[in-house]
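# Descriptive structure summary
If you want the building blocks of each chain, they are given just below.
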Amino acid sequence: MKTKLYILILAGVLAVGAGGCKAPALAPDEQIILPQAYLHGGADSAHIGGLPWKQFFPDPILQGYIQTALENNHSFRQSMERVAMARTQVRMKKGALFPELTIGAQAGVQKFGEYTMDGVGNSTTNTPDLAKEKHIPDPYRDFNLGIGFQWEADIWGKLNQKRRGAAARWMASKEAARLAQTTLISEVAAQYFELVGLDKQLATLKRAITDTQASYELTYQLKQEGEITQLAVDQFKSRLLRLEGMLVETEQRIGEKERSLATLMGVFPFAVDRITFEEMNCLNFPIEAGVPSQLLQLRPDVRAAELELIASKADLSAARRAFFPSLQIGGSAGFNAFDISRWFTSPASLVYSLGAGLTAPLFKQYEIRGLWENARAGQRIALEGYHETVLKAYEEVTNLIVSSERIHKRKELKREESEVHHRSIDHANELFKLSFVGYLEVLSADERYLDCELEYAALSAQCCITKALLYRALGGGSL
């Protein structure tokens, strides 16, 4: 009997030792074959997603803001705490593989009635031939000190599969935290560049207000001299008021953006320093997008979805093993006596017990089958989620690559258009002075040039913002 028990214990130990194996990789039918390149581009393995963010964003002011955000942003710090919670789950699942040890001490007293089985039995036990020190006292006292253990031997690997699932979810939580980091970096950079673009729009509006004020004063003087009507004066006055309203709106947007950036950094609002518009236009960002297959290794949400799929497979395996019998091994050892002076007398007061048992579910089959079917459905959901995440990641990167190229081209076209409109303003003013054109042509030229300059400032900022979003989409953001 003892030999069989030792064999069962050895089997359990071997099962625990096998728990260190790595979680299985995805099956061939679960893997995704991505295109060789984005759109019709070449397959270049160079990839900006692996660059540290300090190398990607060369502006030292922006680097300082990003570092502050990584240290103080409350949402990001919550993500890091979730990683710690997931790590605790791994320790808990791992602890289930080992025996549960307990130690305790108890003392008690009990008075049995004389007309009870215990009372009669105790009185007949205290016979004269029994040593006085072994007589059962009345009331009965009990002193116990011992250590015990309870262990479910993982002979089928059920507990180990649960540990693997918890480990995969812990790694998925780490990927989720890295995704939060990349998102935070891109958001800080995007708002910073948008602020620079708004500064340019503010300067453009102030210059336009100065020019329009001069035009208004000129038309008012000409109206006094009887050369033009009040309509021209009112048109320039209306434009001046409109520009002042746009200026107030832009100042409001700048204030809101500065406060939003401060919130991302986890600090109260402050005066945000930033580079000039011209310096922003001179920033050089790496543009290597790499090949689509690199998304599977570098993009945090794709990695998290893959790990969730691995965890769901471990859950399914554990649910399947729940149908099998479980081996429970337990025991205890210590000192027990009804006389405190004899409590630690060895071996007279020494007690121990050891037992093992196999239990199999009988009436809980439906419950276990329900859990197993739920685990199967969870695995299918995780598989579909993994494929969907990869597909959306490829779409996002492709869209950002195309957007980056198109915005850069639009920016260059808008710059040329701005130069043309600037020349048209000079010509319109000269012709207006010579009475070859009316004030409406001057107003029209001014408005087209202003709109063009505002769009150029927005496109320049959006060009840098798109680069930051592309860096995040490619899985960048490493420290």
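## A look at the overall build of the chain
Along the chain, the regular secondary structure elements total twelve helices and four strands. Residues counted as buried form 41% of the 479 residues belonging to the chain. Within the chain, counting contacts between residues at least 6 apart in sequence, those at least 24 apart form 85% of the total. Split by element, the accessible area of the chain, about 27200 Å² in all, is 58% carbon and sulfur.

## Side note on the pairing of strand 1 (residues 100-110)
Within strand 1, only zero of the eleven residues are buried, which leaves it mostly out in the open. Pairing between strand 1 and strand 2 (residues 140-153): eleven bridges, direction antiparallel. In the strand pairing of strand 2, Ala105 is matched with Leu145.

## Digging into the environment of Val90
Here Val90 shows up in helix 4 (residues 74-95). Residues Val90 and Ala167, 77 residues apart in the sequence, show an inter-C-alpha distance of 5.5 Å.

## Here's the deal with the sheet that holds strand 2
In space, the four strands of this open sheet follow the order 1-2-3-4, with antiparallel pairing throughout. Edge positions in the sheet fall to strand 1 and strand 4 (350-359), since each has one partner strand and no second. Mean inter-strand twist for the sheet, computed between neighbouring axes without regard to direction, equals 20°. In the sheet, strand 3 (residues 326-337) pairs with strand 4 via ten bridges, with the strands oriented antiparallel. Of the residues in strand 4, the one forming a bridge with Ala333 is Tyr352.

## Comments concerning the packing of helix 6 (residues 158-224) against helix 7 (residues 230-264)
Relative to each other, helix 6 and helix 7 sit at 160°, their axes nearing to 8 Å. If you check the angle between helix 6 and helix 7, you find them roughly antiparallel. The handedness of the crossing between helix 6 and helix 7 comes out as left-handed. Here the residues of the contact of helix 6 with helix 7 are counted per class, giving 20 nonpolar, nine polar and twelve charged.

## With respect to helix 6
Relative to the 99 Å expected for 67 residues at 1.5 Å per residue, helix 6 spans 96 Å between its end C-alpha atoms, a close match to the ideal helical length. Immediately downstream of helix 6, the backbone of Gly226 shows phi near 80°, a positive value.

## Structural notes on the pattern of salt bridges
Across all of its chains, the model carries 19 salt bridges by this definition. Notably, a salt bridge pairs Arg299 with Asp301, separated by 2.8 Å at the nearest N-O pair. Through salt bridges that share partners, Arg299, Asp301, Glu396 and Arg472 make up one connected network.

## Overview of the packing of aromatic side chains
On inspection of all chains with the given rule, the structure shows 13 aromatic pairs. A centroid spacing of 6.1 Å and a plane angle of 65° characterise the contact between Tyr65 and Tyr192, whose relative ring orientation is edge-to-face. Here the residue Tyr65 occupies a position in helix 3 (residues 60-72), and Tyr192 occupies one in helix 6, the gap between them amounting to 127 residues. Residue class for Tyr192 comes out buried when judged on its relative accessible area of 0%. Above the plane of the ring of Trp372 lies Arg376, whose end atom (NZ or CZ) is 5.0 Å from the centre.

## Remarks on unusual backbone geometry
The peptide bond linking Ser346 to Pro347 adopts the cis configuration, its omega dihedral lying at 5°. With respect to the helices and strands, the residue Pro347 is situated in the loop between strand 3 and strand 4.

## Structural notes on the confidence of the model for the chain
Detailed reading of the predicted coordinates is not advisable wherever pLDDT falls low. Here the chain averages 82 in pLDDT, and 89% of its residues register 70 or above. Ranking the elements of the chain by mean pLDDT puts helix 1 (residues 2-17) last with 39 and helix 8 (residues 277-281) first with 95.

## Some words on a positive patch on the surface
Side chains of Arg87, Arg91, Lys94 and Lys174 sit close together on the surface and give a patch of like positive charge. Of all the elements, helix 4 adds the most residues to the positive patch, at three residues. Note that Lys94 resides in helix 4. Of the residues examined, Lys94 reaches a relative accessible area of 46% and is grouped as partly exposed.

## Some details on the nonpolar core
The nonpolar side chains of soluble globular proteins are, as a tendency, buried together. Ranked by size, the top nonpolar core spans 46 residues in total, and within it Phe57, Leu62, Ile66, Val188, Phe193 and Met280 carry the most contacts. When residues of this core are traced back to their parent elements, those giving at least two are helix 2 (53-56), helix 3, helix 6, helix 7, helix 8 and helix 12 (439-473). The greatest single-element share of this core, amounting to 14 residues, is contributed by helix 6. The residues touching Leu62, leaving out its near neighbours within four places in the chain, are Phe57, Val188, Ala189, Tyr192 and Phe193. Counting residues in hydrophobic clusters, the runner-up holds 26 residues, among them Ile32, Leu309, Ile310 and Leu400.

## Things to note about the side chain of Lys414
Here Lys414 lies in helix 11 (residues 365-433). Within the local environment of Lys414, its side chain forms a polar contact with the side chain of Glu417, the two groups lying 3.1 Å apart. Of the polar contacts made by the side chain of Lys414, one reaches the side chain of Glu455; its length is 2.5 Å. The residues touching Lys414, leaving out its near neighbours within four places in the chain, are Cys452, Glu455, Tyr456 and Leu459.

## Let's talk about the packing of helix 4 against helix 6
At a minimum axis distance of 8 Å, the contact between helix 4 and helix 6 shows a crossing angle of 170°. Judged on the interaxial angle alone, helix 6 and helix 4 are roughly antiparallel. Two secondary-structure elements touch here, helix 4 through Phe76, Ser79, Met80, Arg82, Val83, Ala86, Arg87, Gln89, Val90, Lys93 and Lys94 and helix 6 through Lys162, Arg163, Ala166, Ala167, Arg169, Trp170, Ser173, Lys174, Ala177, Ala180, Gln181 and Leu184. Residues of the contact of helix 4 with helix 6, tallied by class, amount to eleven nonpolar, four polar and eight charged.

Cut-offs used in this document
- Residues numbered from 1 in each chain as written.
- Predicted model: local features only at pLDDT ≥ 70, side-chain atom pairs only at ≥ 80, totals over all residues.
- Heavy atoms only, no water.
- Helix = DSSP H or I, 4+ residues; strand = E, 2+ residues; numbered from the N terminus.
- Buried < 20%, exposed > 50% of the residue type's maximum accessible area, 1.4 Å probe, protein only.
- Contact = heavy atoms within 4.5 Å.
- Areas by Shrake-Rupley, 256 points an atom, 1.4 Å probe, with all protein chains shown as cover.
- Pairing = 2+ DSSP bridges.
- Axes fitted to C-alpha atoms, helices over the stretch in contact; angles between N-to-C directions.
- Parallel < 35°, antiparallel > 145°, perpendicular 65-115°, else oblique.
- Left-handed = near helix turned anticlockwise from the far one by under 90°.
- Nonpolar A, V, L, I, M, F, W, Y, C, P; charged D, E, K, R; others polar.
- Expected span 1.5 Å × (residues − 1).
- Salt bridge = Lys/Arg side-chain N within 4 Å of Asp/Glu carboxyl O.
- Phe/Tyr/Trp six-rings, centres within 6.5 Å; stacked < 30°, edge-to-face > 60°.
- Lys NZ or Arg CZ within 6 Å of the ring centre and 35° of its normal.
- pLDDT = per-residue confidence, 0-100.
- Patch = residues over 30% accessible without salt bridge, like charges linked within 9 Å, V, L, I, M, F, W, Y side chains within 5 Å.
- Lys, Arg positive; Asp, Glu negative; His and termini not counted.
- Charge placed at Lys NZ, Arg CZ, Asp CG, Glu CD.
- Core = buried A, V, L, I, M, F, W, Y, C linked by side-chain atoms within 4.5 Å.
- Polar contact = N/O pair within 3.5 Å; in protein donor to acceptor, adjacent residues only side chain to side chain.

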